[in-house]
Amino acid sequence: MPAFRSCNRARDATTHRANRLTRLDAICVLLLISYFLHFALAARHGGFREDEMMNLGICWRAGALKSLLANMVFWKLFYIPGGALYDLPLYLYRPGGALYYLPLYHFFDLDPLPYRIAQISILAVSIPVVYYLSRRLASSRSIAFLAVFALCYHPRLASLVFVGAFIYDVLCGFFYFAALAYYIDIREKEASLRPLQLLAFLVLYVCALNCKEMAVTLPVIVLIYEFLKCPRWVNLKGFYRWCSSFAAPPLIAGLLTAIYIYGKTHGGASLATLGPYKPVYSWGNFIASNATFVGELFFAQHAITPAALFALWAVVFIYAFMRRDRTLQLMAFWIVIVPVPIAFILPIRSGAPLYLLLFGWAMVFAKVAFDLITLIYKSSIFVRHRVRKTTATGAVGGDSPSKVSPRVFRISATLLVATALAIVTQVENRRLGVPWLKMGTKTFQVIHTFRSIGLRPRHGSRILILLKENLFQNKWNVFFMASLVWNDHSVRIWVESADELTPKQQANVDYVISLTEFQATVIRSPGVHQSE
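Predicted, not measured: the structure shown is a model, and the values here were computed from it. (Residues numbered from 1 in each chain as written. Predicted model: local features only at pLDDT ≥ 70, side-chain atom pairs only at ≥ 80, totals over all residues. Heavy atoms only, no water.)

Caption draft 1: Looking closely at the side chain of R349. Within the fold, R349 resides in the loop between α14 (340–343) and α15 (355–392). Buried charge R349 goes without a salt bridge, the closest partner of opposite sign being D169 at 8.6 Å. If near-sequence neighbours (up to four positions away) are discounted, R349 is found in contact with P276, Y277, F293 and I342. (Helix = DSSP H or I, 4+ residues; strand = E, 2+ residues; numbered from the N terminus. Buried < 20%, exposed > 50% of the residue type's maximum accessible area, 1.4 Å probe, protein only. Lys, Arg positive; Asp, Glu negative; His and termini not counted. Salt bridge = Lys/Arg side-chain N within 4 Å of Asp/Glu carboxyl O. Contact = heavy atoms within 4.5 Å.)

Right, here's the structure in full:
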């Protein structure tokens with residue numbers, strides 16, 4: 001009986017400790033989400049940027065069934081009929097965005113507020129995912145807290161929060177981190193993935209791929225993680241066992257990646273053939289891009305020099321391998337490999353596309369900060385012992401310094417570092433301002449102008465829109481806005497000066513609408529003769 005009671009007490013103590021640690025993690029996550037929302041809630045007042053109308057319009061043209069099919073057949077490039085008087089070539093390049101856009105459009109039409117709330121919410125939900133990933137990698141609450149604190153809001157990446165068109169980066173980051181967190185959670189328990197677990201990992205990875213091409217680096221990161229984690233192989237049989245048990249998931253994901261890349265890059269409609277997305281492979285471009293990326297993440301006014309970039313990479317690798325820290329070693333590879341998908345695209349990307357790269361640097365920052373905190377504490381212990389020894393011999397009078405527990409010191413120092421980072425972030429955020437809140441003003445006004453005429457075109461109508469002023473740089477935005485306002489797949493729309501109508505097509509037009517930013521006039525309709 002006493003042994004039974006002792007066992008119960010031990011079990012209760014273990015449960016109590018686990019609950020206490022869970023509460024601490026919950027407090028950390030709530031603090032991180034509150035910090036993020038301090039900056040992000042202003043985004044709810046933002047509107048649609050013009051290119052978001054194109055993104056939404058293509059998803060709407062594709063429809064729910066084709067979008068769902070495109071997400072399953074992830075390697076195929078889906079052609080979408082444009083619904084114009086001529087054959088407007090549209091392609092569903094990133095079908096994952098349809099799973100975000102279509103439900104919001106169905107329930108909320110073109111009210112931008114729910115879209116902005118959804119974007120903020122996805123980023124907020126990503127915080128506990130990344131926190132858990134960091135905790136599993138670093139086995140330290142302080143490191144996880146500092147890393148996510150640096151990641152959850154970065155002034156140079158504020159477009160993630162404020163610009164709706166970057167929802168693809170937001171979704172890609174969410175699924176990328178979720179897939180990696182799920183995988184590492186299983187592997188840190190020293191278990192290999194069972195078939196259903198492998199399937200879940202691959203589904204999350206494919207979801208990330210469907211949202212943006214940045215996700216292609218995940219199999220490489222997971223494979224490096226396995227290399228760093230595995231013990232030395234005693235013989236060839238041990239190597240084969242490692243390949244079949246632990247290297248198989250990233251290798252299978254790599255095979256899916258190869259199929260995805262081949263399917264998405266072959267064909268005249270490939271995104272890689274378009275000017276803004278066509279990669280230019282050269283060592284110079286790779287270095288120049290990464291110098292810009294690092295300069296931006298480190299709040300530099302300009303790109304750092306190539307020499308500084310190499311020195312920084314070298315310091316991270318040397319420090320990681322001298323420390324024999326697997327997490328740091330993984331992050332050393334992360335900061336070089338993860339930016340590869342955008343490193344060869346000119347002009348050089350910035351802002352939201354650096355979301356995944358930021359995680360690597362945030363983890364490095366948190367690890368180094370934690371090591372410094374530990375070093376300072378150990379140094380204080382050494383000084384305390386020396387002072388106590390000197391006091392004992394009578395050389396120096398007075399009491400010895402009060403002892404602070406390692407836990408209290410670590411928590412206090414972590415909060416101090418987080419506070420300093422928050423101050424820097426706030427100052428930089430004020431310096432940069434939030435220019436994106438006014439970017440949707442013209443889009444909102446044109447949508448309102450279309451609605452002001454109260455037109456509901458007949459089923460199967462042909463509509464010609466005459467632009468009386470240059471509203472947008474991309475004239476197709478007017479086409480997408482009109483399509484979304486009328487929400488009728490049978491209506492065929494043509495926008496003046498975007499292409500040429502034949503005389504026969506002009507004669508067969510049912511509606512002619514004159515459009516400026518603030519006024520729309522129906523010049524011709526089935527019940528009204530064409531104006532003289």
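Having seen it, we continue.
Caption draft 2: Region of interest: the pattern of salt bridges. One pass over the structure, following the stated rule, counts 18 salt bridges. As a salt-bridge pair, R141 and D25 come within 2.9 Å of each other at their nearest N and O atoms. A residue pair is termed long-range when its members are at least 10 positions apart, and R141 in helix α5 (residues 141–152) and D25 in helix α1 (residues 2–40) qualify at 116 residues. R323 is the partner of D371 in a salt bridge, and the nearest nitrogen-oxygen pair spans 2.9 Å. Here the residue D371 occupies a position in helix α15, and R323 occupies one in helix α12 (residues 306–323), the gap between them amounting to 48 residues. Judged by relative accessible area, R323 falls into the partly exposed class, the value being 35%. Connected through salt bridges with shared partners, the residues E188, E190, K229 and R326 form a single ionic network.

Caption draft 3: Inspection of α5 at higher detail. Helix length check: α5, at 12 residues, gives a terminal C-alpha distance of 16 Å against a target of 16 Å (1.5 Å per residue), a fit within 8%. Within α5, 11 of the 12 residues are buried, leaving the element largely enclosed by the surrounding structure. Within α5 the residues assigned to the buried category are S142, I143, A144, F145, L146, A147, V148, F149, A150, L151 and C152. (Expected span 1.5 Å × (residues − 1).)

Caption draft 4: Here's a closer look at the environment of F299. Looking at the element boundaries, F299 is found in the loop between α11 (283–297) and α12. F299 sits 145 residues away from H154 along the chain, and the two C-alpha atoms are 9.4 Å apart. Apart from residues no more than four positions distant in its own chain, F299 is found in contact with H154, P155, R156, V424 and E428.

Caption draft 5: Examining the sheet that holds strand β6 (residues 520–524) more closely. The 4 strands lie next to each other as β4-β3-β5-β6, forming an open sheet whose pairing is mixed. Because the sheet does not close on itself, it has two edges, and the strands there are β4 (492–495) and β6. Geometrically, the sheet is characterised by an average inter-axis angle of 25° between neighbouring strands, direction not taken into account. The sheet contact formed by strand β3 (residues 462–467) and β4 spans 4 bridges and is parallel. The partner of L464 across the bridge, within β4, is W494. Against the sheet, helix α18 (residues 476–486) engages β3, β4 and β5 (511–515), with an angle of about 150° to β4. (Pairing = 2+ DSSP bridges. Axes fitted to C-alpha atoms, helices over the stretch in contact; angles between N-to-C directions.)

Caption draft 6: Spatial organisation of the confidence of the model for the chain. Per-chain confidence: the chain averages 88 in pLDDT, with 89% of residues scoring 70 or above. Every residue in residues 395–401 scores below 50 in pLDDT, and together they form 7 contacts with partners more than four places removed in sequence or on other chains. (pLDDT = per-residue confidence, 0-100.)

Caption draft 7: Fine view of a nonpolar patch on the surface. Among the surface-exposed residues, L68, L69, M72 and L99 lie close enough to one another that they form a single nonpolar patch of about 390 Å² accessible area. In terms of residues, the nonpolar patch owes the most to one element, helix α2 (residues 50–72), which gives 3 residues. Along the chain, the position of L68 falls in helix α2. In this structure L68 comes out as partly exposed when scored by relative accessible area, which is 45%. (Patch = residues over 30% accessible without salt bridge, like charges linked within 9 Å, V, L, I, M, F, W, Y side chains within 5 Å. Areas by Shrake-Rupley, 256 points an atom, 1.4 Å probe, with all protein chains shown as cover.)

Caption draft 8: Spatial organisation of the pairing of β3. Judged by how many residues are buried, β3 sits mostly within the fold: 5 of 6 residues are covered. The β-α-β motif built from β3, the intervening α18 and the parallel element β4 has right-handed crossover chirality. With 5 bridges joining them, β3 and β5 adopt parallel strand pairing. Paired with L467 across the bridge in β5 is L515. (Right-handed = clockwise from strand over helix to strand, strands pointing away.)

Caption draft 9: Layout of a positive patch on the surface. A contiguous patch of positive charge on the surface is contributed by R17, R20, R23 and R407. Broken down by element, the residue count for the positive patch peaks at 3 residues, all from α1. Looking at the secondary structure, you find R17 in helix α1. (Charge placed at Lys NZ, Arg CZ, Asp CG, Glu CD.)

Caption draft 10: Spatial organisation of the side chain of S461. Looking at the element boundaries, S461 is found in the loop between α17 (441–452) and β3. Engagement of the side chain of S461 in a polar contact is seen with the backbone oxygen of R458, the distance being 2.5 Å. Here S461 is in contact with S490, V491, R492, D510 and Y511, once residues within four sequence places are set aside. (Polar contact = N/O pair within 3.5 Å; in protein donor to acceptor, adjacent residues only side chain to side chain.)

Caption draft 11: Spotlight on the nonpolar core. Membership of the largest hydrophobic core comes to 160 residues, with the highest contact counts inside it found for F36, Y176, F177, F201, F359 and F450. With 15 residues, the top contributor of residues to this core is helix α7 (residues 167–187). Filtering out sequence-adjacent residues up to four positions away, Y176 remains in contact with A208, M214, A215, T217, L218, I221, W334, V338 and L356. Core analysis: the next-biggest nonpolar cluster, separate from the first, contains 6 residues, L466, L501, V509 and V512 among them. (Core = buried A, V, L, I, M, F, W, Y, C linked by side-chain atoms within 4.5 Å.)

Caption draft 12: Highlighting the packing of helix α3 (residues 98–108) against helix α4 (residues 112–138). Two numbers describe how α3 lies on α4: the axes approach to 10 Å, and their chain directions differ by 140°. Crossing angle aside, the handedness with which α3 passes α4 is right-handed. From α3, Y100, Y101, L104, Y105 and F108 reach across to α4, where they touch P114, Y115, R116, A118, Q119 and I122. The residue inventory of the contact of α3 with α4, partitioned by class, reads 9 nonpolar, 1 polar and 1 charged. (Left-handed = near helix turned anticlockwise from the far one by under 90°. Nonpolar A, V, L, I, M, F, W, Y, C, P; charged D, E, K, R; others polar.)

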